[in-house]
Amino acid sequence: MGSVASSVAIVMVNKHVLTSGFPFASTLTALHQLFGFFFANALIFWGVIPSLPAPQPRQHFARLLVAALYASGLVLMNQCLGLNSVSFYQLLKMSSIPTIAILQFLMYGTLLNFATIVSLLLILFGVFVSSTTESHDPNAVPEFSYNHSKPMGDNVRALVVAFYPLMISILAVLTTALGQILLNRSPDLKRLSSLQSIAALSFTSFLVCGMSAIATDVGIYPGDWIRFVLSLTGVSNLLYHILPSGFEWLLFSGEDLDAVMQAARENGVDFHEFLGGVSSKAYLTEHILGKFVSFMTKAAAPSAPLGWVFISCLLSVLANLFGFAVIKETGPITYQVVGHFKTVLTLVVGAVLFGSEGLLGGRGVGLIIALVGMFLYTRFIENY
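Cut-offs used in this document
Residues numbered from 1 in each chain as written. Predicted model: local features only at pLDDT ≥ 70, side-chain atom pairs only at ≥ 80, totals over all residues. Heavy atoms only, no water. Phe/Tyr/Trp six-rings, centres within 6.5 Å; stacked < 30°, edge-to-face > 60°. Helix = DSSP H or I, 4+ residues; strand = E, 2+ residues; numbered from the N terminus. Buried < 20%, exposed > 50% of the residue type's maximum accessible area, 1.4 Å probe, protein only. Patch = residues over 30% accessible without salt bridge, like charges linked within 9 Å, V, L, I, M, F, W, Y side chains within 5 Å. Areas by Shrake-Rupley, 256 points an atom, 1.4 Å probe, with all protein chains shown as cover. Salt bridge = Lys/Arg side-chain N within 4 Å of Asp/Glu carboxyl O. pLDDT = per-residue confidence, 0-100. Contact = heavy atoms within 4.5 Å. Core = buried A, V, L, I, M, F, W, Y, C linked by side-chain atoms within 4.5 Å.

Some details on the packing of aromatic side chains
Next, step 1: This structure, assessed with the given rule, holds 8 aromatic pairs.
Next, step 2: Relative to Phe 310, the ring of Phe 35 lies with its centre 5.6 Å away and its plane at 90°, an arrangement referred to as edge-to-face. Highlighted residues: Phe 35 in helix α2 (residues 25–45) and Phe 310 in helix α15 (residues 306–329), separated in sequence by 275 residues.
Next, step 3: Look at Phe 35 and you get buried, because its relative accessible area is 19%.

A short note on a nonpolar patch on the surface
Next, step 1: Together, Ile 102, Phe 105, Leu 106, Met 107, Tyr 108 and Leu 111 give the surface a local cluster of nonpolar side chains, amounting to about 620 Å² of exposed area.
Next, step 2: Checked against the element boundaries, Leu 111 lands in the loop between α5 (96–108) and α6 (114–131).
Next, step 3: Residue class for Leu 111 comes out exposed when judged on its relative accessible area of 58%.

Considerations on the pattern of salt bridges
Next, step 1: On inspection of all chains with the given rule, the structure shows 2 salt bridges.
Next, step 2: Taking the shortest distance from any N to any O, the salt bridge between Arg 63 and Asp 188 comes out at 2.7 Å. On the criterion of sequence distance, the pair formed by Arg 63 in helix α3 (residues 62–83) and Asp 188 in helix α8 (residues 187–190) is long-range, its members being 125 residues apart. Take Arg 63 and Asp 188: they sit in the same class, and that class is buried.
Next, step 3: Its salt-bridge partner being Arg 191, residue Asp 188 comes within 2.8 Å of it at the nearest N-O pair.
Next, step 4: Given a relative accessible area of 0%, Asp 188 falls into the buried group.
Next, step 5: With relative accessibility at 37%, the residue Arg 191 sits in the partly exposed group.

Some thoughts on the confidence of the model for the protein chain
Next, step 1: Residues of the protein chain with pLDDT of at least 70 account for 73%, and the chain-wide mean is 79.
Next, step 2: Per-element averaging of pLDDT across the protein chain places helix α11 (residues 236–242) at the bottom with 58 and α2 at the top with 96.
Next, step 3: A low-confidence stretch, residues 133–142 (pLDDT under 50), is modelled with 10 contacts involving residues beyond four sequence positions or located in other chains.

A short note on the nonpolar core
Next, step 1: The biggest cluster of nonpolar side chains holds 35 residues, and the ones touching the most others in it are Phe 22, Leu 183 and Leu 201.
Next, step 2: Mapped by element, the contributors of at least two residues to this core are α1 (2–18), α2, α3, α7 (152–185), α9 (194–218), α14 (281–299) and α15.
Next, step 3: Apart from residues no more than four positions distant in its own chain, Leu 201 is found in contact with Arg 63, Val 66, Ala 67, Leu 183, Leu 189 and Phe 324.
Next, step 4: Formed by 18 residues, the second largest nonpolar core is a distinct cluster that contains Ile 100, Leu 124, Ala 177 and Ile 181.

So, the side chain of Thr 176
Next, step 1: The residue Thr 176 is located in helix α7 in this model.
Next, step 2: Look at Thr 176 and you get buried, because its relative accessible area is 14%.
Next, step 3: The contacts of Thr 176, once residues within four sequence positions are left out, are Gly 73, Met 77 and Gln 336.

Here it is as structure tokens:
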């Protein structure tokens, strides 16, 4: 129940933070990881919890790998929510259970018994019915068709744009599943307490989440860093002249290539010469510093609810504390079931607070089916 309570609480607080003057979801996630690192290591420094033992033999990179996968799952899942509809996002979260089951079989030969499979199917079906709608998906993946009249670079760009949400979704599920499996299976991490695990994993997680925040919240994309490095080497002008027209967008990730081309036309210069100009060391230095200053001004504005940000960070420690305990003691599939129970609980609480109309018909039936599946899963796990 601690995992459920802390997760529901942090969702409510995060919603308040993000809608009250601090609309930086990726930065908030990175702050959660950084706060957890300092909090857990402070407890170690004060002797409240034991110091971190050295990694076991042949487990030197286990902590880095699990932390990177865990943080990548968080970042990619957040990206999926922005790229896809809420219904597709719910389907994506539901796909974690069969993905974990398949990976555990491939990696460790673990098989689920028939009764457990039936209960999981009931849970997934009930959550699907209760949390999805029949409305048209406005964020459907755009269709791709090859246009022979356009340069090959434009067609490649259109292909990547069309399948980008799907690729991110697949990576999100895989990284989430692998991170939870390895956290449960790693002998080096199994011997650590949940607070020790937070101390061991949080800084690497902060670095991964921080890189995502720099792109999504600050607005400095990988293409900006690539162009900056190229400007330092002095080969950017040559590179832009030898690249086929239409491939420049690869170095302008986060930028609208059509807008860049329009700016070149408005300035009355050749497109490649314009690219060279906006890829100069002086321009990029001013561009990058300007983005950081603008972000810091907004994040530290008087209207920013920094007190609620601190509360969110405290709750994130509790959520990770209980989450790690559930994964290590029971397994990643049980952790996913707990997550679906939180979804069901959120829907029920919403119905109690705002009226039961949203739970009439199929949604209400879905909730009942999901709860029956969760009850059966708990009984089967206890008797297994």
